[in-house]
Amino acid sequence: MKLENFPDEIRPFIIPNHQGNLVYRCLGCGTEHSIDNLLYTCPDCGKVLLIHDLNFDLLKNIPGNKWRSIFDYRKMLKTPALKGIYLYHEFIGPIIPLSSIIYLGEGHTPVIEANSILQEKVGMKFFFKNDGQNPSASFKDRGMASALSYINFLVKDNRLSDILAICASTGDTSASAALYAAYLQPHIKSAVLLPHKKVTPQQLSQPLGSGASVFEIPGVFDDCMKIVESLSEKYNVALLNSKNAWRILGQESYSYEIAQNFEYDMRNKIIVIPIGNAGNITAVLNGFIKFYETGIIDVLPKIIGVQSKHANPVYNYYSEPDDQKRRFIPVNVKPSVAQAAMIGDPVSMPRVIHLVKTYNRLAGKESTSFIEVTEQEIMDWQIIANRNGHIACTHGGECLAGLFVAIKNNIVSKTDTAILDSTAHALKFSGFQDMYFDNKFPSEYDILPDKTLVNFPVLIHPDDLDKVPTHGKPLDKIDFEIFIKRISDEIADILDLKER
Ligand SMILES: *Cc1c(COP(=O)(O)O)cnc(C)c1O
Ligand SMILES: [Zn+2]
């Protein structure tokens, strides 16, 4: 819709004009640092940062119902910069001019209700939000659009030039970083560090295809993370892991979209998120807090974080009920099909600890829970979901497995509505589906296939059929007719088709 056609009371707000004043705020010592330099940790105490808008309270001058109208109307605008995560510009990056925003189609991913068979099996109403339908097929694009838009702004403003963007990755961060950096070349180049053999072939192909420098490192993600941290301390590179607070800011869009999708009614809503490096759950918590503080939503939804038993440091931390006694202990991860979340020492843990406290205080009750699930449960539920019309990745399966446990343990009520994050596209992790169907999981995973879920292709080549078409050698008419008939008969026989 053209600007002049918006209602008079909305038109002045359609193009964002909030004057943000963003600073990095340290979660350790509370010091605020200017965003003029790219910082990843506090120069004073070394702890992680979050970006805070010193003018945030100005947003409260607009009532919640007005904000809701602004966002709903803004969806009709065709301006590329405001079509993705920056629909919520005032909350995500108010200092970034629209001309610096990169939009590659991220955000506003579909929210798909499970069919009645699946809802009945699980025991409650629920939806998947398919973040695998982002441009690089995972939610990481939300954070990358934010981090790279900010870097692009600094470049355009001549405050940065010739950037090497670098990240460690369990596969999806690098796919996303490489994609956005490729769009911004030649000013920005990317280099990614991957744990050798611990990302899927599809994930490896993505940064290669985007032209990034790809390094495979012996060890697991946590080892790669230590290397990029060391590189970013010593050399002039831009770190694109979620340690970079700009990533968190962009990923908050996930919460805003859920609020908008459900008409801003968050009563009896349950948000289920898989946890790896804990950047995603940090963003989701912070996003809902910001919408709550500005009156855009009037209830905070319940947040459930799910981890595999093979990579469960956040679950372990919260399994101690007495918050005075809680102590964070990194774990050594074991192989997990939720491979993008196979992280033993999450960088965002201090952010989670900080935000969970704030969240529960604002909610006036315990509104966060943490659950662990087995590898078997993750695989079974992923495949069950997909057999009911979803495109859930293993982490989507992890969320569904977690929801099932949450119902059993009375953490959620059957009258609630859950929204599950399928963080990537199923196709990225099809190798795990193959292992399940072939019953070829290495023993460390502890996964055996449920026979009723296994599926194989059937090669139809009857013994008595010696002439079949091959490449460049079509059959003659008679042989071709025989071929068509024999093959169709065979298929009809297997499927037990009735003649009409
Ligand atoms: C990165 C990732 C996760 C984990 O998210 P964190 O922010 O690291 O907790 C989960 N699923 C997928 C598909 C991912 O790419
Ligand atoms: Zn500090």
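Residues numbered from 1 in each chain as written. Chains lettered and ligands numbered in written order. Predicted model: local features only at pLDDT ≥ 70, side-chain atom pairs only at ≥ 80, totals over all residues. Heavy atoms only, no water.

K.L.:
Any chance you could break down the layout of surface pockets for me, citing the residues and the numbers?
P.N.:
One number sums up the size of the largest pocket: a volume of about 440 Å³. When grouped by side-chain class, the residues that make up the lining of the largest pocket number 12 nonpolar, six polar and five charged. (1 Å grid on protein atoms, 1.4 Å probe; cavity = no way out; pocket = protein on both sides within 12 Å on 5 of 7 lines; lining within 4 Å. Points joined across faces, edges and corners; volume = space filled by probe spheres on them. Nonpolar A, V, L, I, M, F, W, Y, C, P; charged D, E, K, R; others polar.)

K.L.:
Let's hear about the nonpolar core: which residues, and what values?
P.N.:
The biggest cluster of nonpolar side chains holds 106 residues, and the ones touching the most others in it are Leu148, Trp246, Phe288 and Phe291. Element by element, the count of residues in this core is highest for helix α5 (residues 140–156), at nine residues. Taken domain by domain, this core gets at least three of its residues from each of domain 1 (111–135 + 252–447) and domain 2 (139–246). Once you skip the residues sitting within four places of it in the chain, Phe291 turns out to touch Phe71, Tyr88, Phe91, Tyr256, Ala259, Tyr264, Ile296 and Ile297. (Core = buried A, V, L, I, M, F, W, Y, C linked by side-chain atoms within 4.5 Å. Buried < 20%, exposed > 50% of the residue type's maximum accessible area, 1.4 Å probe, protein only. Helix = DSSP H or I, 4+ residues; strand = E, 2+ residues; numbered from the N terminus. Domains from an automatic or database assignment. Contact = heavy atoms within 4.5 Å.)

K.L.:
Which residues make up the domain arrangement of the protein, and what values do they have?
P.N.:
One frequent convention defines the size of an interface as the accessible area lost when the parts assemble. Here the domain parsing of the protein yields domain 1 (111–135 + 252–447), domain 2 (139–246) and domain 3 (459–500). Distance between the C-alpha centres of domain 1 and domain 2: 25 Å. The interface is formed by 27 residues belonging to domain 1 together with 24 residues belonging to domain 2. Scanning the region where domain 1 abuts domain 2 turns up four salt bridges. Of the charged contacts, one joins Asp131 and Arg142 as a salt bridge, the two residues approaching to 2.7 Å between their closest N and O atoms. (Salt bridge = Lys/Arg side-chain N within 4 Å of Asp/Glu carboxyl O.)

K.L.:
An account of a nonpolar patch on the surface is needed here, citing residue identities and associated values.
P.N.:
Side chains of Val458, Ile491, Ile494, Leu495 and Leu497 sit close together on the surface and give an oily, nonpolar patch of about 480 Å² of accessible area. Looking at where Val458 falls in the secondary structure, it is placed in the loop between α16 (430–437) and α17 (477–495). The class for Val458 is exposed, based on a relative accessible area of 58%. (Patch = residues over 30% accessible without salt bridge, like charges linked within 9 Å, V, L, I, M, F, W, Y side chains within 5 Å. Areas by Shrake-Rupley, 256 points an atom, 1.4 Å probe, with all protein chains shown as cover.)

K.L.:
With reference to specific residues and values, describe the site of ligand 1.
P.N.:
Taken together, 13 residues form the shell around ligand 1, and within it Lys140, Asp172, Asn277, Asn280 and Thr423 come nearest. A distance of 2.6 Å separates an oxygen atom of ligand 1 from a polar side-chain atom of Asp172. Contact between ligand 1 and Ala278: an oxygen atom at 2.8 Å from a main-chain N or O atom of the residue. In isolation ligand 1 offers 380 Å² of accessible surface; the protein chains occlude 98% of this area. Applying the majority rule of atoms within 2 Å of the grid points places ligand 1 in the largest cavity. Here the shell around ligand 1 spans two domains, since at least three of its residues come from each of domain 1 (111–135 + 252–447) and domain 2 (139–246). (Near = heavy atom within 4 Å. Polar contact = N/O pair within 3.5 Å; in protein donor to acceptor, adjacent residues only side chain to side chain. Sits in = over half its atoms within 2 Å of the grid points.)

K.L.:
Mind laying out the side chain of Ser369, listing which residues take part and the relevant values?
P.N.:
Examined against the element boundaries, Ser369 turns out to sit in strand β12 (residues 368–373). Judged by its relative accessible area of 12%, Ser369 is buried. Those residues within four positions of Ser369 in sequence are excluded, and the remaining contacts are Lys302, Ile303, Ile304, Gly305 and Ile411.

K.L.:
Got a sec to walk through the coordination of the zinc ion (ligand 2)? Specific residues and values, please.
P.N.:
Octahedral six-donor coordination of a metal ideally yields angles of 90 or 180 degrees, compared with 109.5 degrees for tetrahedral four-donor coordination. Within the protein, the atoms that donate to the zinc ion (ligand 2) are Cys26 (SG), Cys29 (SG), Cys42 (SG) and Cys45 (SG), at distances of 2.3 Å. Around the zinc ion (ligand 2), the four donor atoms sit at angles spanning 93 to 116°, and that spread fits a shape best called tetrahedral. All donors of the zinc ion (ligand 2) belong to a single chain; written as a sequence motif, their spacing is C-x2-C-x12-C-x2-C. The class for Cys42 is buried, based on a relative accessible area of 3%. By relative accessible area, Cys45 is classed as partly exposed at 33%. (Donors = N, O, S within 2.8 Å, 3.2 Å for Na, K, Ca; no water. Tetrahedral: all angles 85-135°; square planar, octahedral: opposite > 155°, others 65-115°.)

K.L.:
Residue-level account of the sheet that holds strand β3 (residues 49–53), with values.
P.N.:
Judged by pairing direction, the sheet is antiparallel, and its three strands sit side by side in the order β2-β1-β3 without closing on themselves. Bordering the open sheet on either side are β2 (32–34) and β3, each of which pairs with just one other strand. Here the average twist between neighbouring strands, direction ignored, is 40°. One ladder, built from three bridges, connects strand β1 (residues 22–26) with β2; its direction is antiparallel. Its bridge partner lying in β2, Val23 is registered against Ser34. (Pairing = 2+ DSSP bridges. Axes fitted to C-alpha atoms, helices over the stretch in contact; angles between N-to-C directions.)

K.L.:
Describe the sheet that holds strand β4 (residues 111–113), with residues and values.
P.N.:
Within the open sheet, the six strands sit side by side as β4-β5-β13-β10-β11-β12. Their pairing is mixed. What marks the edges here is a single partner per strand, and that holds for β4 and β12. Taken pair by pair, the neighbouring strands of this sheet meet at an average axis angle of 25°, ignoring direction. Here strand β5 (residues 125–130) runs beside strand β13 (residues 417–422); their pairing, made up of six bridges, is parallel. The residue bridging Lys125 from the neighbouring strand is Thr417, located in β13. Strands β11 (302–308) and β12 of the sheet are contacted by helix α13 (residues 349–363), whose axis makes an angle of about 130° with β12. Against the sheet, helix α15 (residues 394–408) makes contact with β5, β10 (269–274), β11, β12 and β13, and its axis sits at roughly 155° relative to β13, the strand it touches most.

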